[in-house]
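Overview (structure and organization)
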Amino acid sequence: IRVLNGTKTSGLAASVSGKLKDLGYNPGKTGNATSSAIAQTTIRLKNEPEGLLEALIKDLSDDYDAIAGKALDEDDDVDAEVIIGAK
């Protein structure tokens, strides 16, 4: 799972990545999204394993109101991406 920060809050992608790791996910790369003004946390998937979208939305729900986004390209190097937006 790639975690990208779509806000102006420094270190947010690393923080969320750590939370996902603690919950049993396999987070990978972190970084900044192409915009720092993402309105809502968005989850993008390539080949969705059964229930992954719902599990991520639930597991992030204490801090973020996440929604499904556009699918990742089949040649992307990750299977899932979480773009953190405003709370």
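Residues numbered from 1 in each chain as written. Predicted model: local features only at pLDDT ≥ 70, side-chain atom pairs only at ≥ 80, totals over all residues. Heavy atoms only, no water.

Regarding the overall build of the protein chain
Inclusion rule: Helix and strand definitions follow DSSP, with helices as H or I runs of at least four residues and strands as E runs of at least two, each counted in order from the N terminus. Buried, partly exposed and exposed residues are distinguished by accessible area as a fraction of the type maximum, computed with a 1.4 Å probe on protein chains only: under 20%, between the cut-offs, and over 50%, respectively. The criterion used for residue contact is that any of the two residues' heavy atoms lie within 4.5 Å. None of His or the chain ends enter the tally, which takes Lys and Arg as positive and Asp and Glu as negative. Note that the charge is assigned to NZ on lysines, CZ on arginines, CG on aspartates and CD on glutamates.
A tally of helices and strands in the protein chain yields two helices and five strands. Scanning the protein chain from its N terminus toward the C terminus, one meets helices and strands in the order β-α-β-β-α-β-β. Counting only C-alpha atoms and orienting by the principal axes, one finds that the protein chain spans roughly 30 × 25 × 20 Å. Sorting the 87 residues of the protein chain into buried and exposed places 41% on the buried side. Across the protein chain, contacts joining residues at least 24 apart in sequence account for 76% of those joining residues at least 6 apart. Taking the average location of the 10 positive side-chain charges in the protein chain and that of its 15 negative ones, the two points are 7 Å from each other.

Quick notes on the pairing of strand E1 (residues 2–5)
Inclusion rule: What makes two strands pair is DSSP finding at least two bridges between them. With the strands pointing away from the viewer, any crossover whose connection runs clockwise from the first strand over the helix to the second is right-handed.
Judged by which residues are buried, E1 turns out to be covered on both faces: Arg2 and Leu4 on one side and Val3 and Asn5 on the other are all buried. Inspection of the sheet shows E1 paired to strand E5 (residues 80–84) by four bridges, in the parallel sense. Bridge assignment links Asn5 to a residue of E5, and that residue is Ile84. As judged from the three bridges shared by E1 and strand E2 (residues 30–32), these two strands associate in the parallel manner. If you follow Val3 over to E2, its bridge partner there is Thr30. This β-α-β element, E1 to helix H1 (residues 12–22) to E2, shows right-handed connectivity.

With respect to the pairing of E5
With five of five residues buried, E5 is to be regarded as a mostly interior element. Covered by surrounding structure in E5 are Ala80, Val82 and Ile84 together with Glu81 and Ile83, the residues of both alternating faces. With four bridges joining them, strand E3 (residues 42–45) and E5 adopt antiparallel strand pairing. When the bridges of E5 are listed, Arg44 appears paired with Glu81.

Let's talk about the environment of Val16
Checked against the element boundaries, Val16 lands in helix H1. A C-alpha to C-alpha distance of 23 Å links Val16 and Asp73, two positions 57 residues apart in sequence. The residues contacting Val16, other than those within four sequence positions of it, are Val3, Leu60, Tyr64 and Ile84.

Examining helix H2 (residues 52–60)
Here is the rule: Here the arc refers to the directions that run from the helix axis out to each C-beta atom.
Within the sequence span of H2, burial applies to Leu52, Leu53, Leu56 and Leu60. On an axial view of H2, the arc spanned by its buried residues comes to 100°, and they lie on one face.

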